[in-house]
Amino acid sequence: MKPNPGHCPDEAIGKRVRVRLADGSIAKDVPGAPPGWAADGRNGCRWTLTGHPLDIAEYEVIS
């Protein structure tokens, strides 16, 4: 996994990502939905780093 740069990484634009949150947990896939989270767009991830335990700490592009 790569560290969150604080904005949507160029390599993730238009793709889906798996993420590890700042609290150490790995975000789970939603049953019945595509794997991972949308990296950008209307329902995309929030990449800003605010110091909150649910900030994205690390990511990997999966599709």
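My aim in this report is to walk through the structure given alongside it, one point at a time. Given the structure is predicted, the values throughout are model-derived calculations rather than measurements. (Residues numbered from 1 in each chain as written. Predicted model: local features only at pLDDT ≥ 70, side-chain atom pairs only at ≥ 80, totals over all residues. Heavy atoms only, no water.)

Re the pattern of salt bridges
The tally for this structure, following the rule as stated, stands at 4 salt bridges. Between R20 and E58 there is a salt bridge, with the nearest N and O atoms lying 2.7 Å from each other. Here R20, found in strand β2 (residues 16-21), pairs with E58, found in strand β4 (residues 56-61); they are 38 residues apart in sequence, far enough to count as distant. What makes R20 partly exposed here is its relative accessible area of 28%. Judged by its relative accessible area of 26%, E58 is partly exposed. Between D55 and R46 there is a salt bridge whose closest N-O contact spans 3.1 Å. The class for D55 is buried, based on a relative accessible area of 4%. (Salt bridge = Lys/Arg side-chain N within 4 Å of Asp/Glu carboxyl O. Helix = DSSP H or I, 4+ residues; strand = E, 2+ residues; numbered from the N terminus. Buried < 20%, exposed > 50% of the residue type's maximum accessible area, 1.4 Å probe, protein only.)

Structural notes on the side chain of N4
Inspection of the secondary structure puts N4 in the loop between β1 (2-3) and β2. Here W47 takes part through its backbone oxygen, which lies 3.0 Å from a polar atom of the side chain of N4. Within the structure, N4 has its side chain in polar contact with the backbone oxygen of I56 (distance 2.7 Å). Apart from the residues within four sequence positions on either side, N4 is in contact with W47, L49, I56, A57, E58 and Y59. (Polar contact = N/O pair within 3.5 Å; in protein donor to acceptor, adjacent residues only side chain to side chain. Contact = heavy atoms within 4.5 Å.)

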